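# Observations on the model geometry
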Amino acid sequence: MGKLYNYISVAAILMLVSSCSVEQRTSISNPPLHKPFVYDTKLNITGNITKDEKIRLTNDLGNYWDDSIRVKKVSQLGVRTVIKNPAAYDTANLVRSMQYMNEYLNSQGYYYANFFPEITTEFIKNQERKKIALNIDLGKNITFDSISYVLKDSTLQKLTEGDKKNSLIKFGDPYTKGAISNELDRMVNLYRQNGYYQFTREHIFAHVDSLDKRLFTLTLDPLQQMELMAIARGSREKSSSWPVAMERRLNIDSSAIIPYKIGKIYYYPETRITDFTDSLPFSKNFTETIRKNTVMLYQKGLFVDKPLRENTFINRGDLYNEKKFFKTLNTFGRMGAWQSADAKIFIRDKDTLDFHFFLVPAIKQSYSIDLEGSRNTTDIGSGNLWGISTNLSYTNRNVWKRSIQSLTSFRTGVELNILNKNSDPLIQTFHISLGQTYAFPRLILPVKSWKPLQNVDDKRTLLNVTGSYVDRRDYYLLRSLISSWGYEWKKKNVTWLYKPINVELYTIERFSKLDSLILSNPFLQTSFNEGRVIGQTISYFKNIISTKNPDRSHFIRLGFEESGSLFALFNARSSQIYRFIKSEAEYRQTTKYNKGKNALAMRAFAGVGYNYGSDSLIGNTLPFFKQFFAGGPNSMRAWRLRQLGLGSSIQSDTITTSSYRDRFGDMQLEANIEYRFRLASIGSIKIESALFADIGNIWSVKPIPGDPEAQFSLKRLGKDLAIAMGTGIRFDFSFFLIRLDAAYKVKDPARLYNNGWMNSFALKETRANGLQVDNFALQLGIGLPF
């Protein structure tokens, strides 16, 4: 009956929504008086094309409606649609639209498209509404026949033939002007990466033979000429393939086919933003640091030249390579020590290029201070604590004159018992921490060079040390020291972060009140274990923009962490060291619609960890600060932070002596889908909303005595999965976004009836032990959830 109730409820909602047609939810603002106007336009494309190609053409052709026929629709609150100032209907505007679309289709290789407009008229409220359905039969698409290259220079010809495997057009590919343009760009880039500094697009062109050679047969007989034209036309419609030749123009400057080599390299690391860079190479007011292949010119001595030389990817005597030149320039701009980087190239001795890099220093030192306030409801001590903390950070962008980035952060705070419950002291918690991070603009490796990393971008070595001290009065004293040494680099759209050394040391001193609390709440035991993490981590990030649909983006994240594997060989020294492996995988996809105003976002996450150690003092699970949790503003939003799971376990609901019910697991599965849409805009502030659904849970990997439903099992997966649905409102201020989401527990694994599914829409429900549980949650978040 419960499932039947759910199906009936969903069906009723769908019937209610469908009963409100688009026309009923659409209003007209300021229509033309006593004239027919365009109410709706639609494109129907047919032809022998793929589904993705049809979607692409439909979206692109929608931009070619004439402005006088385009319907301007504005969505209000995601429900009501307003058509503002609809244009009076005129067949001339429709004809012009078809001309625009035909020209676009020609550029995409569709030269035989036919247009069949269908126009219907509706009379509603004294209005004559025109609906235009434009049916387009694409016909046969032109394809590439033979592709040849005629460079009229032996060196260029050899270079081109050797790179034909990377050609962007192949025999049989659909003919488009865009494909030809991209191929010409590829050829120019190839030449400019092999010394041809002055070679540009103006020096090559594509010769497309779209005519039948039989038309050039000389004949004076008009009947024979007409016969040849008919034969050529029929042959063209059957084959629909055109040969293309990429050719070099002959009437060009001969310097375009001269290969240039790299000469001297000059650095100006103290360039002022007001300097006229054209004159700096001729100034005599610089001190010089001269190396074999480079020269650094300066006045104050703020920098040493080694970081610049290490991040220069062009070498004296090599052929000019435009890709390496821009890589050098972009790397200088991202090193942090300079706010901008520019360069000028001077030709010397007809075939030599001298490079001058002008670098404007960034502000070397900066400070920031933040003040935070919080309210904490807890069962450790007083029930309501008010906290205040301050964060002070100091940034140095040029440590030791070597472009090393330094960040020093200091944080301190207290939690106060303002209400003075239980006669506890005013100051309940004191916290202080100090962290230091260095980012070196190169990879500091045990070996001099490692070939796989020679061609990567944005190379950095990261050193971090953070220590903290927490005094929870009468309960515990926690000290921690965390340090890591790692490497970060990028290659194209992939970023890697590898930490071969990751050390986390924790010591805790328990006091009597904490021991008493653990006796009444065993869940706190794993939250206060003392142990050490000594291991390594590696992370992989990849961003992808779909080539078929530029409005669709993908994000992939993979992570792996281990601790204790190296120290397991030294039992005497490996006491209280966590031995575990942990892996995570995340995939996100976002597709934008309506010029970016709406979006469909999806996310999938899976993570699992396994403790293979045998130290009874630190338990057989992951350390709690490495475990997974669900609930909160960014995960399973119908549950409060860390309030979902484990599996179908109800053990936490059976505890009535404590309000502490945080849950941590060694495994997590979660999927989210969210449709985002804009409601309104007020100046630069965008007011948006979303409809979303979350599904997932956390589990224990190993069995828990007395609680079998907390362990992951494929047979019980359907029962264990929690489902939430909700909506929210977002205020986008461009530089940050505030989000308020409301979500409802459609399926709660902790429900003992109806297999966890909602039986009726109730904001609260009472569990078997009398505990009242909310079936919804309001979540306040900063930024998008994913």
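Residues numbered from 1 in each chain as written. Predicted model: local features only at pLDDT ≥ 70, side-chain atom pairs only at ≥ 80, totals over all residues. Heavy atoms only, no water.

### Considering unusual backbone geometry
This is how it is decided: Only runs of H or I of at least four residues qualify as helices and only runs of E of at least two qualify as strands under DSSP, and these elements are numbered from the N terminus.
Here Gly-645 and Leu-646 are connected by a cis peptide whose omega angle stands at -5°. Mapping Leu-646 onto the fold places it in the loop between strand S25 (598–611) and strand S26 (667–682). The phi dihedral of Met-636 is positive, around 45°, even though this residue is not glycine. Examined against the element boundaries, Met-636 turns out to sit in the loop between S25 and S26.

### Structural notes on the nonpolar core
Let me state the cut-off plainly: The definition of a nonpolar core used throughout is a set of buried Ala, Val, Leu, Ile, Met, Phe, Trp, Tyr and Cys residues joined through side-chain atoms within 4.5 Å. Exposed residues in this analysis have more than 50% of their type's maximum accessible area, buried residues have under 20%, and partly exposed residues fall in between, with area computed by a 1.4 Å probe over protein chains only. Residue contacts follow a heavy-atom distance rule, with two residues in contact if any of their heavy atoms lie within 4.5 Å.
One finds Leu-61, Trp-65, Met-101, Leu-105, Phe-115, Leu-134 and Ile-136 to be the most contacted residues of the largest nonpolar core, which totals 25 residues. Where this core is concerned, the elements lending two or more residues are strand S2 (37–46), helix H2 (51–61), helix H3 (91–107) and strand S6 (127–137). The contact partners of Met-101, leaving out residues within four places of it in the chain, are Leu-43, Leu-61, Tyr-64, Trp-65, Phe-115, Leu-134 and Ile-136.

### Digging into the packing of aromatic side chains
Put simply, the test is: Pairing of aromatic side chains here covers Phe, Tyr and the six-membered ring of Trp, requires ring centres within 6.5 Å, and sorts the geometry by plane angle: under 30 degrees stacked, over 60 edge-to-face, intermediate tilted.
Taken as a whole and assessed by the stated rule, the structure comprises 34 aromatic pairs. Both rings, one in Phe-282 and one in Phe-346, keep their centres 6.4 Å apart while their planes meet at 80°; by these two values the pair is edge-to-face. Of this pair, Phe-282 sits in the loop between strand S10 (261–268) and strand S11 (287–290) while Phe-346 sits in strand S13 (residues 338–348), and the two are 64 residues apart along the sequence. Phe-282 gets classed as exposed once you look at its relative accessible area, which sits at 59%. Where Tyr-578 meets Phe-625, the ring centres are 6.4 Å apart and the plane angle is 90°; that geometry is what we call edge-to-face. Of this pair, Tyr-578 sits in the loop between strand S23 (552–563) and strand S24 (580–593) while Phe-625 sits in the loop between S25 and S26, and the two are 47 residues apart along the sequence.

### What to know about H2
For clarity, the threshold we go by: In this context, the arc is that of the directions from the helix axis out to the C-beta atoms.
Residues of H2 that are buried include every one of Glu-53, Leu-57 and Leu-61, and no others. Viewed end-on, H2 has its buried residues packed into an arc of 55°, placing them on one side of the element. In this fold, the buried residues of H2 make contact with S2, H3 and S6.

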